[in-house]
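What follows is each chain in one-letter form.
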Amino acid sequence: MDDALHEQLEQERLLNQVTTQIRQSLELSVILSTAVEQLRGFLQVDRLLIYQLGVPRPKISDPLEDLSSGAEDPELFDPPAAPSPEKPPPLLGNITYEARSSDTILSLLEWREIDRCFSETSEYQEYYRRGSIRCIADVEAYYRSCPCLLEMLRQKQVRAKLVAPIIVQAELWGLLIAHQCGQPREWKNSEQKFLKKITEHLSIAIYQAQLYAQVQQQKHTLEKRVKDRTQALHDALLAAQCANRAKSEFLATMSHELRTPLTHVIGISSTLLRLYGQSGTTRTLPVEKQVNYLQTIHDSGEHLLALINDILDLSQVEAGKTVLKISEFSLSKLINQTLHTFRDRAKQRNVHLAGDIPIRPECDRFIADHRRVRQILLNLLSNAIKFTPENGRVTLRVWVENKTAIFQVEDTGIGIPEEQQPLLFEKFQQLDSPYRRQYGGTGLGLALTKQLVELHGGTIEFTSVVNKGTTFTVHIPAQPLVKKNPYKTSLQTDYTESPQGRLVVIEDDEETATLICELLTAAGYQVVWLMDGVTALRSIELLQPDAILVDLYLPGQNGYDIIRHLREETTADPLKIIALTTTEAERERSLTAGADGCINKPILPNQLLNQIEKLGFGKPAQNTEG
Ligand code: ADP
């Protein structure tokens, strides 16, 4: 009686200890290892084990369900077994906690073969899943018919065993196993009941710890989310600040770039107006000075136009409004023309400019947007010359490989520091260099160049070494030749086209030019008058007119050469050219050179307007006939 009472008290005491532990700690490992130790002492067994199976995580109603997905802690949650409504497949497990009476008892921690011997069928798990206890007084007798299992138990010194399942949320989580090693043992009823009770408490502790870990995991995920979101906001803020700074810098550069030529135009023209604007003025400037002034006004205007063209070009390309005008042209001719454009500038800066065209004649014809490819080369060459000091070299190269034209612009200039290279193709980025103030520029050229290359499906890359030089390499694949679009889609005409069209008149005779300009302006056309044949080609390149009217006898250059030159530049969607002729012979010669039509001098207003209208690039707003 006494013994039974004492045992009862001991059981109560131990149970109390375990439940207190469970209440006090959320650390499952502490709870389980203490329980194993205490229970072994209480039952006076040689070995007490916890065999843990992979268990599906507990199902709880979870407002943050989406956050917890994929956030398992492998320490606590094994992945759920493949779903099978009838019979879940056996889960593998291992011994995770152990208490031994002495070191002579073999440790079974991390012993995995257990599954091989027990789980040939999932029967044993089924048995425990139902909550049943296994109580074996002597394995020698019990497993006599299972020699493999018996042999394994002998090896592990097991003679008697008492096993109770730990069931968490209706799932078999693991087993609590007591081993008697030396001799058989008759397990008392009270011991069996007690083991069962302990497993029930452990189940609660495990479930509680799982929930706690899950909450921790969610907390961790939320914290990480908050951190990531904060970082993203911070990055976005930095990017916005950067963009803002780049914009401010761009505005500062642009206002400098725009203001300088405008100051020249306004300052010098007002000086001239002051001197010559009033009748009866007696002061005059020497002719040389006047020419100098006018040249500055002209150069400033050209510079402004180039700048504005770049800005508009870029915005059009970015808005996806640019359509390539595909035509066939000669690569070697393009290179020579481009080199020609820069010949004087290179000479002025004492930079040696050379071309290298290792092209086989059969590869010389190429299909792309001639004007855009030329624009790409102009940008690269202009930078190369700008950033190459005196006595340096700039080489423009082109060759063809697999239907791709490869252009290379190599200079022996200042180079680009490595840390600044990633910014090179960014808009509005002028690289910070000691030379930055020394050179003009808006930081748009390369951004536009890259976009134009990419419009062709090509690539642009560069290599650069500071103080040694830079080489840009552009790959442009040959484009499929499409039928000419009857509608004008050219970017330049899209945004600069006046409804009636834009015309350039190249005429050195002031009276004729004035008449033409007045008639056409009154008819709604936009007209630019150029007097000089020598600079006409460059101005046309900048102005991008729809048509030109050209006199045949100009100082410095004859009109036929201008016509021929313009005709050779591109074959698709050509510029309309009208020659101003006086004889039939001139007429024929101009048409042979490539003019679209001729207008006889002296100019007859109706004939002029009809002829221009016939070109069909725009309809005059007003009818000036009669
Ligand atoms: P920008 O109109 O200012 O020249 P770009 O976009 O053409 O604008 O060039 C951007 C910057 O890249 C230049 O300001 C210059 O710092 C650098 N850069 C471009 N080409 C070269 C080159 N060939 N050598 C050295 N630096 C160059």
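Residues numbered from 1 in each chain as written. Predicted model: local features only at pLDDT ≥ 70, side-chain atom pairs only at ≥ 80, totals over all residues. Heavy atoms only, no water.

1. A closer look at the packing of helix 9 (residues 287-318) against helix 12 (residues 445-455)
- Packing of helix 9 against helix 12 leaves a shortest axis separation of 10 Å and a crossing angle of 40°. Judged on the interaxial angle alone, helix 12 and helix 9 are oblique. Once helix 9 is placed against helix 12, the crossing between them reads as left-handed. The segment helix 9 lies against helix 12, with Asp310, Asp313, Leu314, Val317 and Glu318 engaging Ala447, Leu448, Gln451, Leu452 and Leu455.
- Residues that form the contact of helix 9 with helix 12 fall into these classes: 6 nonpolar, 1 polar and 3 charged. (Axes fitted to C-alpha atoms, helices over the stretch in contact; angles between N-to-C directions. Helix = DSSP H or I, 4+ residues; strand = E, 2+ residues; numbered from the N terminus. Parallel < 35°, antiparallel > 145°, perpendicular 65-115°, else oblique. Left-handed = near helix turned anticlockwise from the far one by under 90°. Contact = heavy atoms within 4.5 Å. Nonpolar A, V, L, I, M, F, W, Y, C, P; charged D, E, K, R; others polar.)

2. Examining the confidence of the model for the chain
- Model confidence for the chain is summarised by a mean pLDDT of 80, while 83% of its residues fall at 70 or above.
- Here residues 55-85 scores under 50 on pLDDT; set against residues more than four positions off or in separate chains, the count is 45 contacts.
- Here residues 484-497 scores under 50 on pLDDT; set against residues more than four positions off or in separate chains, the count is 29 contacts. (pLDDT = per-residue confidence, 0-100.)

3. Re helix 14 (residues 510-522)
- The end-to-end C-alpha separation of helix 14 is 18 Å, in line with the 18 Å expected for 13 residues at 1.5 Å each.
- Along helix 14, the residues that are buried comprise Thr512, Ala513, Ile516, Cys517, Leu519 and Leu520.
- At its buried positions, helix 14 is contacted by strand 13 (502-506), strand 14 (526-530), strand 15 (547-551), strand 18 (576-581) and helix 18 (605-615).
- A positive phi of about 95° marks glycine 524, the residue just after helix 14. (Expected span 1.5 Å × (residues − 1). Buried < 20%, exposed > 50% of the residue type's maximum accessible area, 1.4 Å probe, protein only.)

4. Details of the pattern of salt bridges
- A full pass over the atoms with the stated rule returns 18 salt bridges.
- Between arginine 360 and glutamate 362 there is a salt bridge whose closest N-O contact spans 3.1 Å.
- Put simply, arginine 397 and glutamate 410 hold a salt bridge, and the shortest N to O gap is 3.0 Å. One end of the pair, arginine 397, is in strand 9 (residues 393-401); the other, glutamate 410, is in strand 10 (residues 404-411), with 13 residues separating them in the sequence.
- Counted as one network, the salt bridges with shared partners bring together Glu140, Glu151 and Arg154. (Salt bridge = Lys/Arg side-chain N within 4 Å of Asp/Glu carboxyl O.)

5. Examining the environment of serine 33
- Tracing the sequence through the fold places serine 33 in helix 2 (residues 28-43).
- On a C-alpha basis, the gap between serine 33 and glutamate 98 in space is 7.4 Å, while along the polypeptide they are 65 residues apart.
- For serine 33, the side chain forms a polar contact with the main-chain oxygen of valine 30, separated by 3.3 Å. (Polar contact = N/O pair within 3.5 Å; in protein donor to acceptor, adjacent residues only side chain to side chain.)

6. Describing unusual backbone geometry
- A cis geometry characterises the amide bond from lysine 601 onward to proline 602, with omega recorded as -10°.
- By the secondary structure assignment, proline 602 is in the loop between strand 19 (597-600) and helix 18.
- Positive phi, close to 65°, is recorded for glutamine 157, a residue that is not glycine.
- Glutamine 157 sits in the partly exposed class, given a relative accessible area of 26%.
- Its identity as a non-glycine residue notwithstanding, glutamine 169 has a phi of 50°, on the positive side.
- In this structure, glutamine 169 sits in the loop between strand 4 (160-168) and strand 5 (171-180).

7. Concerning the packing of helix 14 against helix 18
- Direction vectors running N to C along helix 14 and helix 18 enclose 60°, while the axes themselves pass 11 Å from each other. The pairing of helix 14 with helix 18 is recorded here as oblique in orientation. Every pair of crossing elements has a handedness; the one defined by helix 14 and helix 18 is right-handed. Touching Ile516, Leu519 and Leu520 of helix 14 are Pro605, Leu608, Leu609 and Ile612, all from helix 18.
- Among the residues making up the contact of helix 14 with helix 18, the classes are represented as 7 nonpolar, no polar and no charged.

8. Considering a negative patch on the surface
- Taken together, the side chains of Asp508, Asp509, Glu510 and Glu511 define an acidic patch exposed on the protein surface.
- Looking at where aspartate 508 falls in the secondary structure, it is placed in the loop between strand 13 and helix 14. (Patch = residues over 30% accessible without salt bridge, like charges linked within 9 Å, V, L, I, M, F, W, Y side chains within 5 Å. Areas by Shrake-Rupley, 256 points an atom, 1.4 Å probe, with all protein chains shown as cover. Lys, Arg positive; Asp, Glu negative; His and termini not counted. Charge placed at Lys NZ, Arg CZ, Asp CG, Glu CD.)

9. Focus: the sheet that holds strand 4
- With antiparallel pairing, 5 strands are arranged side by side in an open sheet as 2-1-5-4-3. Each of the sheet's edge strands pairs with one partner strand only, and the pair in question is strand 2 (93-100) and strand 3 (134-136). Ignoring strand direction, the axes of neighbouring strands in this sheet form an average angle of 15°.
- Across 7 bridges, strand 1 (residues 47-53) lies against strand 2 in antiparallel orientation. For glutamine 52, the partnering residue across the bridge sits in strand 2 and is asparagine 94.
- Helix-sheet contacts for helix 2 involve strand 1, strand 2 and strand 5, and the interaxial angle to strand 2 is about 50°.
- Of the strands in this sheet, strand 3, strand 4 and strand 5 are in contact with helix 8 (residues 189-276), which crosses strand 4 at around 35°. (Pairing = 2+ DSSP bridges.)

10. Let's talk about the environment of leucine 580
- Positionally, leucine 580 belongs in strand 18.
- Taking relative accessible area as the criterion, leucine 580 reaches 1% and is therefore assigned buried.
- Put simply, leucine 580 and asparagine 600 are 20 residues apart on the chain and 5.9 Å apart in space, counted from C-alpha to C-alpha.
- When sequence neighbours within four positions are dropped, the list of residues in contact with leucine 580 reads Glu507, Ile516, Leu549, Val550, Asp551, Leu552, Ile599, Lys601 and Ile603.

11. A short note on the packing of aromatic side chains
- The full count for this structure, using the stated rule, is 7 aromatic pairs.
- Plain terms: the ring middles of tyrosine 142 and tyrosine 143 are 4.9 Å apart, the flat faces sit at 80° to each other, and that makes the pair edge-to-face.
- Given the relative accessible area of 41%, tyrosine 142 is considered partly exposed.
- When the centroid spacing of 6.3 Å and the interplanar angle of 75° are considered together, the rings of phenylalanine 329 and phenylalanine 366 count as edge-to-face. Note that phenylalanine 329 is positioned in strand 6 (residues 326-330) and phenylalanine 366 in strand 8 (residues 365-369), a separation of 37 residues in sequence.
- What links up through ring pairs into an aromatic cluster is the set Phe425, Phe462 and Phe472.
- The ring of tyrosine 127 carries arginine 134 above its face, with NZ or CZ at 4.0 Å from the centroid. (Phe/Tyr/Trp six-rings, centres within 6.5 Å; stacked < 30°, edge-to-face > 60°. Lys NZ or Arg CZ within 6 Å of the ring centre and 35° of its normal.)

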